[in-house]
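The residues making up each chain are set out below.
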Amino acid sequence: MLETILMYLFLGLLQGFTEPIPISSSGHLVIAQEIFHIENPGLSFEVLVNTASLIAILIIYRNDLIRLTVNGWNHLTSQKRTDETKADFMFIVYLVIATIPAAVIGLLFNDFISSQLKGVHVIGITLMITGLALWLIRNLRGRKGDQNLSVKDALIVGLAQSVALIPGISRSGATIVASMALGMKQETALRFSFLLYIPVSVGAMVLEGKNLITDPQISTLAFPYFIAFVASLIASYFSLKWFMGIMERGNLKYFAIYCFIVGPLVLFFL
């Protein structure tokens with residue numbers, strides 16, 4: 001039992017730490033399973049740890065979420081509309097628009113992606129693609145703030161997020177790369193990327209949550225699952241805080257270098 005608890009602690013920490021940063025949490029879980037010969041913990045585990053990461057993001061962005069909710073609601077219902085309420089309302093609209101491409105592509109191609117684009121070698125290739133994308137935008141310093149976004153921006157970032165359905169392509173990496181390539185400021189790109197994670201994660205929770213409820217192992221793995229959940233929550237919180245500081249300093253090149261190193265190692269040695 002101790003071995004099982006330690007394994008789920010390790011997987012929870014790994015998923016939580018890699019979820020916010022642009023190196024693909026799902027890809028690193030596959031790599032860890034291959035290196036340590038760990039059996040795939042299944043969809044119920046993924047739902048659990050992703051929910052933990054979602055809670056960490058909600059905590060960190062709670063002030064933004066409260067402001068967006070209040071101003072968005074006031075813009076819809078109040079006669080006292082201001083430029084600020086309009087900007088926040090439109091930010092919500094753009095998040096909704098950006099959610100659509102991944103939802104549609106996921107529904108249409110999820111079976112193909114999960115059956116044809118799997119395996120550790122795919123992860124090696126997609127990590128190098130992620131690294132290349134990060135390297136190309138490493139020096140960009142955009143000027144677009146929250147109030148300067150457009151429907152076109154939302155659709156392009158949404159399409160970038162749909163690319164992250166491929167294992168090894170980082171969701172945060174894809175959306176941040178697209179956002180910065182469109183000229184967004186680092187802060188806006190980061191906020192848009194992680195607020196966009198919320199509807200995606202909630203949707204996955206709704207669609208796949210039944211797997212956790214019907215998991216035949218839930219009674220025996222309840223405590224290891226709890227350990228993984230707590231570990232992922234804590235690791236996601238501190239990892240995102242750390243990543244926010246990195247974005248402020250413009251040091252994305254280090255993640256690109258990391259992907260350039262790990263990708264070939266995975267290809268040649270796993």
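The model shown is predicted, which means the values in this text are computed figures rather than measured ones. (Residues numbered from 1 in each chain as written. Predicted model: local features only at pLDDT ≥ 70, side-chain atom pairs only at ≥ 80, totals over all residues. Heavy atoms only, no water.)

## Quick notes on the overall build of the chain
Then, number 1: On a plain count of helices and strands, the chain comes out with 11 helices and 0 strands.
Then, number 2: Secondary structure elements in the chain, listed N-terminal to C-terminal, are α-α-α-α-α-α-α-α-α-α-α.
Then, number 3: Against the globule reference of 18 Å for 270 residues, the chain gives a C-alpha radius of gyration of 19 Å, in line with a compact fold.
Then, number 4: Across its three principal axes, the chain shows a C-alpha extent of roughly 60 × 40 × 35 Å. (Helix = DSSP H or I, 4+ residues; strand = E, 2+ residues; numbered from the N terminus. Rg over C-alpha atoms; globule rule 2.2 N^0.38 Å.)

## Topic: the packing of helix α2 (residues 25-36) against helix α6 (residues 120-136)
Then, number 1: The N-to-C vectors of α2 and α6 enclose an angle of 135°; their axes lie 10 Å apart at closest approach. As summarised for this structure, α2 and α6 are arranged oblique, according to the angle between their axes. As α2 runs across α6, the sense of the crossing is left-handed. Across the interface between the two elements, G27, H28, V30, I31 and E34 of α2 pack against V120, I123 and L127 of α6.
Then, number 2: For the contact of α2 with α6, a count of residues per class yields 5 nonpolar, 2 polar and 1 charged. (Axes fitted to C-alpha atoms, helices over the stretch in contact; angles between N-to-C directions. Parallel < 35°, antiparallel > 145°, perpendicular 65-115°, else oblique. Left-handed = near helix turned anticlockwise from the far one by under 90°. Contact = heavy atoms within 4.5 Å. Nonpolar A, V, L, I, M, F, W, Y, C, P; charged D, E, K, R; others polar.)

## Some thoughts on the nonpolar core
Then, number 1: With 49 residues, the main nonpolar core has Y61, I176, F192, F194, F243, L252 and F255 as its most contacted residues.
Then, number 2: Sorting the residues of this core by element identifies α3 (43-60), α5 (83-116), α6, α7 (151-163), α8 (171-181), α9 (186-213), α10 (218-249) and α11 (253-269) as the ones contributing at least two each.
Then, number 3: Considering every element that reaches this core, the biggest residue donor is α9, with 8 residues.
Then, number 4: Residues F45, A52, L221 and A228 belong to the second largest nonpolar core, which totals 14 residues. (Core = buried A, V, L, I, M, F, W, Y, C linked by side-chain atoms within 4.5 Å. Buried < 20%, exposed > 50% of the residue type's maximum accessible area, 1.4 Å probe, protein only.)

## Re the environment of R138
Then, number 1: Relative to the assigned elements, R138 resides in the loop between α6 and α7.
Then, number 2: Expressed as a C-alpha distance, the spacing of R138 and E34, which sit 104 residues apart in the sequence, is 31 Å.
Then, number 3: Once residues lying within four places of it in the same chain are set aside, the contact partners of R138 are G250 and K253.

## Section: unusual backbone geometry
The phi torsion of most residues other than glycine is negative, and most of the peptide bonds are trans.
Then, number 1: Located in the positive-phi region is S24, a residue other than glycine, with phi close to 75°.
Then, number 2: Looking at where S24 falls in the secondary structure, it is placed in the loop between α1 (2-18) and α2.
Then, number 3: Backbone geometry at H37 places phi at a positive 55°, although glycine is not the residue there.
Then, number 4: Relative to the helices and strands, H37 is located in the loop between α2 and α3.

## Points about the confidence of the model for the chain
Then, number 1: Averaged over every residue, the pLDDT of the chain is 89; the share at 70 or more is 95%.
Then, number 2: Ranking the elements of the chain by mean pLDDT puts α9 last, at 83, and α7 first, at 95. (pLDDT = per-residue confidence, 0-100.)

## Description of the packing of α7 against α8
If you want to describe how two helices pack, look at the angle between their axes and the distance between the axes.
Then, number 1: Relative to each other, α7 and α8 sit at 155°, their axes nearing to 8 Å. When the interaxial angle is binned, α7 and α8 end up roughly antiparallel. Viewed along their axes, α7 and α8 form a crossing whose handedness is right-handed. Between α7, through I156, V157, A160 and Q161, and α8, the contact on the second element is made entirely by R171, A174, T175, A178 and S179.

## Let's talk about the environment of V266
Then, number 1: Relative to the helices and strands, V266 is located in helix α11.
Then, number 2: In contact with V266, other than residues within four places in its own chain, are I31, V120, H121 and G124.

## Side note on the side chain of S179
Then, number 1: Along the chain, S179 falls in helix α8.
Then, number 2: For S179, a relative accessible area of 0% puts it in the buried group.
Then, number 3: Beyond its immediate stretch of four places on either side in the chain, S179 contacts V157, M184 and A189.

## Description of the packing of aromatic side chains
Then, number 1: Counted according to the given criterion, the structure contains 10 aromatic pairs.
Then, number 2: With centroids separated by 5.5 Å and ring planes inclined at 85°, the aromatic side chains of F91 and F192 adopt a geometry described as edge-to-face. Of this pair, F91 sits in helix α5 while F192 is found in helix α9, placing the two residues 101 residues apart along the sequence. Of the two residues examined, F91 and F192, each falls in the buried class.
Then, number 3: Grouped by ring-pair contacts, the aromatic residues F17, F194, W242, F243 and F255 constitute a single cluster.
Then, number 4: If you follow R138 out to its NZ or CZ, it ends over the ring of W135, 3.9 Å from the centre.
Then, number 5: Taking NZ or CZ as reference, R171 lies 5.9 Å from the ring centre of F194, over its face. (Phe/Tyr/Trp six-rings, centres within 6.5 Å; stacked < 30°, edge-to-face > 60°. Lys NZ or Arg CZ within 6 Å of the ring centre and 35° of its normal.)

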